[in-house]
Amino acid sequence: AGGSGSGKTQFCYSLALSAASANAFTVQYIDSGASFSAPRLQEMLQHSRGDGESAAANAREDAVVLTRIRTVQVRDATTLLHTLSDLEEKLAEASTPRNPASFFRN
């Protein structure tokens, strides 16, 4: 999937930020290396926005976006499979007609 420094984590962070900010989705970030960096995500948010809003408004929006990104650390294959199974169940529940967006929307 790519060697060290090839941009895999950067790509995943970009996807997470896009879903959490532009679409207001909740993101489940599965971290297998205990290397998740909220400060790096915040830095990426700061670089992605324009200069149109105040620093206070930007800080509030950053906090909202970052709370939509939830991390799960997995240290072994068993935990990964359990995490994926739980996620699959939540997605199935969210796709029922009674509340289709409950899992993804805040």
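Residues numbered from 1 in each chain as written. Predicted model: local features only at pLDDT ≥ 70, side-chain atom pairs only at ≥ 80, totals over all residues. Heavy atoms only, no water.

(A) View of the pattern of salt bridges. The full count for this structure, using the stated rule, is one salt bridge. Residues Glu43 and Arg40 are paired through a salt bridge, measuring 2.6 Å at the closest nitrogen-oxygen approach. In this pair, Glu43 and Arg40 both sit in helix H2 (residues 38-48), three residues apart, roughly one turn of the helix. (Salt bridge = Lys/Arg side-chain N within 4 Å of Asp/Glu carboxyl O. Helix = DSSP H or I, 4+ residues; strand = E, 2+ residues; numbered from the N terminus.)

(B) Broad picture of unusual backbone geometry. Despite not being glycine, Ala34 has its phi angle at roughly 50 degrees, a positive value. With respect to the secondary-structure elements, Ala34 resides in the loop between strand S1 (27-31) and H2.

(C) Geometry of helix H4 (residues 77-94). The terminal C-alpha atoms of H4 lie 26 Å apart, and with 18 residues this matches the ideal 26 Å at 1.5 Å per residue to within 8%. Of the residues flanking the start of H4, the one acting as N-cap is Asp76, its side-chain oxygen 3.2 Å from the backbone nitrogen of Thr78. (Expected span 1.5 Å × (residues − 1). Polar contact = N/O pair within 3.5 Å; in protein donor to acceptor, adjacent residues only side chain to side chain.)

(D) Region of interest: the environment of Glu43. Given the relative accessible area of 36%, Glu43 is considered partly exposed. Between the C-alpha atom of Glu43 and that of Asp62, which follows or precedes it by 19 residues, the distance is 9.7 Å. (Buried < 20%, exposed > 50% of the residue type's maximum accessible area, 1.4 Å probe, protein only.)

(E) Focus on the environment of Gln42. Note on placement: Gln42 falls in helix H2. In this structure Gln42 comes out as partly exposed when scored by relative accessible area, which is 31%. Separated by 21 residues in the primary sequence, Gln42 and Ala63 have C-alpha atoms spaced 8.6 Å apart. Once residues within four sequence positions are removed from consideration, Gln42 is found in contact with Asp62 and Leu66. (Contact = heavy atoms within 4.5 Å.)

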